[in-house]
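Coordinates in review
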Amino acid sequence: MGAGERDTGRTADGGLRRARFAVAAVFAVHGAVTGGFATRIPWIQSHLDLGSGALGLALVLPAVGSSCAMPLAGRISHRLGSRAALRLLIVLWCASVALPALAPGLPALCGALAVYGATSGMADVAMNALGVETEERLGRSIMSGLHGMWSAGTLVGSAAGTAAAHADLDARIHLGAAAAVLAALGAAACHRVLDLRAAGDERPPPRFALPPRAALVIGVVGFCAVFAEGASLDWSAVYLRDVAGSDPGAAAACTTAFTCTMALARFAGDPAVRRFGPVRTVRASGVLAAAGGLLVVTAQGAPSVIAGFALIGVGVAVVVPLAFAAAGRSGPAPSQAIAGVATITYTSGLVAPAAIGQIAEASSLVTSFGLVTVLAVGLVAGAGVLRAPQRTAVPAKLREPSQTE
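Here the structure is a predicted model, which means the values were calculated and not measured. (Residues numbered from 1 in each chain as written. Predicted model: local features only at pLDDT ≥ 70, side-chain atom pairs only at ≥ 80, totals over all residues. Heavy atoms only, no water.)

A word on the confidence of the model for the protein
On average, residues of the protein carry a pLDDT of 84, and 88% of them reach 70 or more. Confidence drops under a pLDDT of 50 for residues 1–11, and excluding neighbours within four residues, the segment shows 35 contacts in the predicted structure. Taken as a whole, residues 391–405 scores under 50 in pLDDT and shows 44 contacts with residues more than four places along the chain or in a different chain. (pLDDT = per-residue confidence, 0-100. Contact = heavy atoms within 4.5 Å.)

Shown next, in the form of structure tokens:
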């Protein structure tokens, strides 16, 4: 990348801009797969005649598969190079979305969802590692915007899936067609991403290894943000209905508002990071999220509760992108560090909805979101760990090959 050979065309400003847009497109494709699949879960449940307990068990498998497979992303990138690895992983991820709808029963569904999660996690690590490297070369923050593209892709995928569901289209047809289209788009986008190669004498990363200690600390900050995000996304509509006494339409609107404010905040996040730096940005974000949580638990009417959830969405939006960026700069093995942070955040997203439900059952939903507010304060306290050292030169062990290679 820096000390080895370079393709001067690729590393020129125009080439970096194209690489940035390309990796942004990959993020959007990844999000579109997620959004499209989520809309067809009811069809899969009905098609296989699954109860809530069986479906809940099956939906744990994506997180399990992802956590197990994410450490492999660095090894695949080492072997194939970053561009070929991302192309392979994004195509596999897109293809995997068709598998759950084809499952004939619960065991096959569990296996399909494990594959779905594994390919998702590996593609996630690969694209975030390339996003961090592209950010480093550009010399300005882009990670929040990349995750904004993921959120936008999720909204597009959800809209397409909702239209397919309303048209009563068989999910096998819908998800099969989506897999083909999105795989083609993802593969085409990968043509312009940075192509990083390991030096011939560099040892490959281990298949499985504990993440660096610095990544674990960064992951705790990501855990707090994703817990608040997962809790709000899954429980905001229920909170509006059961606590604020809202009608179903207003409750659904709260979830939509939360999702949209998160996406908009991510697109606005990069200018804030460039001006104030990641630490001050996350501290301010934590204050907003804590204020939103406090408003949720103290408000008496639906408008105030919706405003509170919107503030939580704005507050947590940029934290995970900045956590990935800090992890990628925290040591000599960016993919390993990013995989560690991703594993912690995935775990948080898995734990949060269940934890909120258990606390609500033992006490109340208001108490549950009191915990969310406390974790938001944790963002303010832990923001300093995102002050990762900047790399002054690109390691010689990685290089970008010339066009003649």
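Regarding the packing of aromatic side chains
Applying the stated criterion across every chain, the model contains six aromatic pairs. On the numbers, 4.7 Å between centres and 40° between planes, the contact of Phe37 with Tyr116 is tilted. With Phe37 in helix H2 (residues 13–39) and Tyr116 in helix H9 (residues 106–138), this pair connects stretches of sequence that are 79 residues apart. What makes Phe37 buried here is its relative accessible area of 5%. Relative accessible area serves as the criterion here: at 6%, Tyr116 is assigned to the buried category. With centroids separated by 5.3 Å and ring planes inclined at 80°, the aromatic side chains of Tyr239 and Phe369 adopt a geometry described as edge-to-face. Residue Tyr239 is located in helix H12 (residues 213–242), and its partner Phe369 is located in helix H17 (residues 365–382); the two are separated by 130 residues in the primary sequence. Each member of the pair, Tyr239 as well as Phe369, carries the same accessibility label: buried. What links up through ring pairs into an aromatic cluster is the set Phe37, Trp93 and Tyr116. (Phe/Tyr/Trp six-rings, centres within 6.5 Å; stacked < 30°, edge-to-face > 60°. Helix = DSSP H or I, 4+ residues; strand = E, 2+ residues; numbered from the N terminus. Buried < 20%, exposed > 50% of the residue type's maximum accessible area, 1.4 Å probe, protein only.)

What about a positive patch on the surface?
There is a patch of like positive charges on the surface, built from Arg17, Arg18, Arg140, Arg192 and Arg274. Along the chain, the position of Arg274 falls in helix H13 (residues 248–298). Judged by relative accessible area, which is 40%, Arg274 ranks as partly exposed. (Patch = residues over 30% accessible without salt bridge, like charges linked within 9 Å, V, L, I, M, F, W, Y side chains within 5 Å. Areas by Shrake-Rupley, 256 points an atom, 1.4 Å probe, with all protein chains shown as cover. Salt bridge = Lys/Arg side-chain N within 4 Å of Asp/Glu carboxyl O. Lys, Arg positive; Asp, Glu negative; His and termini not counted. Charge placed at Lys NZ, Arg CZ, Asp CG, Glu CD.)

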